[in-house]
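# Structural description and commentary
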Amino acid sequence: MTETMRRDFKNRAEMIDYLKEQFSEAYATDPRVSDEFIGGRVEAEKRLQQVKTGSAYKRSRNYLDGAVSKLSPYIRYGVLTLAEVRDFALEQSGNGASKFINELGWRDYWQRLYAEMGDDIWEDQEHYKTGIPKHQYADDLPEDIENGETGVKLIDDIVHELKTTGYLHNRQRMYFAAYVVHWRNIKWQAGARFFLTHLLDGDPASNNLSWQWVASTFSHKPYIFNLSNVRKFTGKQYEAPAHETGMEIFEGSYDDINADLFNEKVR
């Protein structure tokens, strides 16, 4: 008979110790235990009540220290529904919550596409708009990226945060995806698998179609960024001279970077 696992813990620390003991083999390969997200309906409801859905969200959501909700892991596993998060936003901010609700709409849209596409979510929906033939993109993610050892501080910091917390701000996800596909010429599927391995909120719908949007296989052009963009949205952590952080590859205008990265000028 299968042994029933304990549920009566005095506190979270006792629960974590118990899980380490029960799943020692898994913990040995992935020792990450983050307090960034605590599971369960009670915690989800508490976090929902703290969410800013109005002007603060609209104004700051693109910044790493912005008023993002961090509800995605709870939505991902059905602890919170999109409908109740939407209703909360409308109660709190009314028409001022339009941007917040728009983002919920994208999540719903990805899920509806996934319901129709099934496993085709892993296939390119369109051709790459980069002027680079598909066969010139690598199939697998190199070890230096997986291990956060590229020498590019932005990328290595993102990998470290992903593996430590299981969560990334959306802008960090876009930066990482663009670097993988456009600076390193690696197929988006490799990066998508890497994210699904580590993200607490990872699901094939939002994850894969967002990767395809960056790659340009589900959009009209590739997404890229430059160093000015990074410094604008990430605060002061990347103000050091680019050559000291390996980030000189992101210097220049968008036209300059397009010319460097792609065989054809992308407009």
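Structure: above.
Quick summary incoming for the structure in this document. If you're wondering where the values come from, they're calculated on a predicted model, not measured in any experiment.

Tallying secondary structure elements over the chain gives 15 helices and zero strands in all. Dimensions of the chain along its principal axes, counting C-alpha atoms only, are 60 × 50 × 45 Å. Of all intrachain contacts in the chain linking residues separated by at least 6 positions in sequence, the fraction that spans at least 24 positions is 71%. As displayed, the chain has an accessible area near 14900 Å², and 48% of this comes from carbon and sulfur atoms. Side-chain charges of the chain comprise 34 positive and 42 negative groups, with the mean position of each set lying 6 Å from the other.

So, about a nonpolar patch on the surface. Judged by side-chain polarity, Met 5, Leu 19 and Phe 23 come together as a nonpolar surface patch covering roughly 260 Å² of accessible area. Its place among the elements puts Phe 23 in the loop between helix 1 (12-22) and helix 2 (24-29).

Let us now look at the pattern of salt bridges. Using the criterion set out here, one finds 18 salt bridges in the structure. Residue Glu 36 pairs with Lys 70 through a salt bridge whose shortest N-O separation is 2.7 Å. Here Lys 70 lies in the loop between helix 4 (55-60) and helix 5 (72-76) and Glu 36 lies in the loop between helix 2 and helix 3 (41-50), a separation of 34 residues in the sequence. Classification of Glu 36 as partly exposed rests on a relative accessible area of 28%. Assessed through its relative accessible area of 28%, Lys 70 is described here as partly exposed. Residue Asp 124 is joined to Lys 134 by a salt bridge in which the shortest nitrogen-to-oxygen separation is 3.2 Å. One end of the pair, Asp 124, is in the loop between helix 7 (98-117) and helix 8 (143-146); the other, Lys 134, is in the loop between helix 7 and helix 8, with 10 residues separating them in the sequence. By relative accessible area, which is 42% here, Lys 134 ends up partly exposed.

Here we take up helix 11 (residues 188-198). The buried count for helix 11 comes to eight of 11 residues, which makes it a mostly enclosed element. Every buried residue belonging to helix 11 is among Trp 188, Gln 189, Ala 190, Gly 191, Ala 192, Phe 194, Phe 195 and His 198, and all of these are buried. Elements that come into contact with the buried residues of helix 11 comprise helix 8, helix 9 (153-165), helix 10 (170-183) and helix 12 (204-215).

Ranked by internal contacts, the top residues of the largest apolar core, which has 44 residues, are Leu 154, Phe 176, Val 180, Trp 183, Trp 211, Phe 225 and Phe 250. Taken together, the elements giving at least two residues each to this core come down to helix 9, helix 10, helix 11, helix 12, helix 13 (227-233) and helix 15 (254-261). Element by element, the count of residues in this core is highest for helix 10, at nine residues. If we skip the residues at most four places from it in the chain, Trp 211 touches Phe 176, Ala 177, Val 180, Val 181, Trp 188, Gly 191, Ala 192 and Phe 195.

On the secondary structure map, Ala 192 appears in helix 11. Separated by 11 residues in sequence, Ala 192 and Asp 203 have C-alpha atoms that sit 9.8 Å apart.

All right, on to the side chain of Ser 72 then. Within the element layout of this structure, Ser 72 appears in helix 5. Note on Ser 72: relative accessible area 13%, which makes it buried.

What counts and how
- Residues numbered from 1 in each chain as written.
- Predicted model: local features only at pLDDT ≥ 70, side-chain atom pairs only at ≥ 80, totals over all residues.
- Heavy atoms only, no water.
- Helix = DSSP H or I, 4+ residues; strand = E, 2+ residues; numbered from the N terminus.
- Contact = heavy atoms within 4.5 Å.
- Areas by Shrake-Rupley, 256 points an atom, 1.4 Å probe, with all protein chains shown as cover.
- Lys, Arg positive; Asp, Glu negative; His and termini not counted.
- Charge placed at Lys NZ, Arg CZ, Asp CG, Glu CD.
- Patch = residues over 30% accessible without salt bridge, like charges linked within 9 Å, V, L, I, M, F, W, Y side chains within 5 Å.
- Salt bridge = Lys/Arg side-chain N within 4 Å of Asp/Glu carboxyl O.
- Buried < 20%, exposed > 50% of the residue type's maximum accessible area, 1.4 Å probe, protein only.
- Core = buried A, V, L, I, M, F, W, Y, C linked by side-chain atoms within 4.5 Å.

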